[in-house]
Amino acid sequence: MESPGKQEQPHETTNKKKKALLVGAIAAVILIGVGVVVFAGVCGTGNCSGRGTTNQAVQASPTGTTPEQTLQDEPSSKPSPKPSPKPSLRPTLQPSLEPIAADVVASPPPSNPPVVQIVFAPSSAPSWDPTPEPTTTPFDELFCPAQRYAAWSSLEASMNDLARGLGYTECSWNIPFTAYVEYYSWDFLTVDEQGAASTIGFSQESWDCWQNHYEDYEWSDLLPAGVQSCFEDLGWDVSSWNETTVEPASEAKMFDELTPAEQAAAECICYPKTLWDAETL
């Protein structure tokens, strides 16, 4: 038979284990409680999650709006959210939309070819020969016989006879435009008159200019003769030439009263100052 002291030893060991387990459970509960309290404190300061931050921002705003709404409605002195360090979306490697090809409209070719200006450096000698002198000029002493506008008394007897053959007298010779023969162009002279005029030194061109001054021409004949523009500068046109309208004002002017253009036009049809003003020889 075992002693009573030895029988109670296993029972006491079991009680000690139970106490140790109880103390451990209490400690675990305390640690869990402390963790819950700490976690609740951290969440209360807004550092536990994004949702807590948003809720805190909503509660802190007097209008109850989010920071994003605040940025959209009214600008603040500095943005509340921090910028993201990186873009949320990566750029695509290819464009999402294909480019639209524009309609190509071909421009018409230029109406005129481009003008190309060629600049030559000056040469030491002229590249072209000078223009020769004109063969005939209306207002030229060599073109008109000089003896025609010499006084009757200064002419030789043979020249007086030739002038009489053209119908001149001393008076009509010395006063221009008083002899009837001067109102006819070369083509309307008789054969004898043409012969006498040729002996004096006239040709068809010089007679029609210096003697007749183209007054026997039709208006359409003045253009081939190269003098129509001269008459136009003096104010003539087809109506006044055909006497259906009044003659131009230049007919009533003395030579010095003509404009420079009119004086040049008068000389073009063999009217120097002495003839235009009908000065007596």
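Up top is the structure these notes are about.
Residues numbered from 1 in each chain as written. Predicted model: local features only at pLDDT ≥ 70, side-chain atom pairs only at ≥ 80, totals over all residues. Heavy atoms only, no water.

A.B. asks: I'd like a description of the packing of aromatic side chains, backed by residues and values.
C.D. replies: Across all of its chains, the model carries 12 aromatic pairs by this definition. Centre to centre, the rings of Phe-231 and Trp-241 are 4.9 Å apart; their planes meet at 75°, and the pair counts as edge-to-face. Placement of Phe-231 in helix 10 (residues 228-233) and of Trp-241 in helix 11 (residues 238-241) is noted, with a sequence separation of 10 residues between them. Each member of the pair, Phe-231 as well as Trp-241, is classed as buried. Grouped by ring-pair contacts, the aromatic residues Trp-219, Phe-231, Trp-236 and Trp-241 constitute a single cluster. Above the ring of Tyr-149, the side-chain terminus of Arg-148 is found at 4.9 Å from the ring centroid. The residue whose ring lies beneath Arg-148 is Trp-173, and the NZ or CZ to ring-centre distance is 4.2 Å. (Phe/Tyr/Trp six-rings, centres within 6.5 Å; stacked < 30°, edge-to-face > 60°. Helix = DSSP H or I, 4+ residues; strand = E, 2+ residues; numbered from the N terminus. Buried < 20%, exposed > 50% of the residue type's maximum accessible area, 1.4 Å probe, protein only. Lys NZ or Arg CZ within 6 Å of the ring centre and 35° of its normal.)

A.B. asks: Talk me through a nonpolar patch on the surface; I want residue IDs and the actual numbers.
C.D. replies: Nonpolar side chains collect at one region of the surface, where Tyr-180, Tyr-183, Tyr-184 and Phe-188 lie side by side and expose about 470 Å² of accessible area between them. Examined against the element boundaries, Tyr-183 turns out to sit in the loop between helix 6 (170-174) and helix 7 (191-200). Residue Tyr-183 is classed as partly exposed on the basis of its relative accessible area of 44%. (Patch = residues over 30% accessible without salt bridge, like charges linked within 9 Å, V, L, I, M, F, W, Y side chains within 5 Å. Areas by Shrake-Rupley, 256 points an atom, 1.4 Å probe, with all protein chains shown as cover. Salt bridge = Lys/Arg side-chain N within 4 Å of Asp/Glu carboxyl O.)

A.B. asks: Run through unusual backbone geometry, naming residues and quoting values.
C.D. replies: Phi is positive for Tyr-214, close to 65°, though the residue is something other than glycine. Assignment of secondary structure puts Tyr-214 in the loop between helix 8 (204-211) and helix 9 (219-225). On the accessibility criterion, Tyr-214 (8% relative accessible area) is buried. Its identity as a non-glycine residue notwithstanding, Cys-270 has a phi of 65°, on the positive side. Examined against the element boundaries, Cys-270 turns out to sit in the loop between helix 12 (260-268) and helix 13 (273-276).

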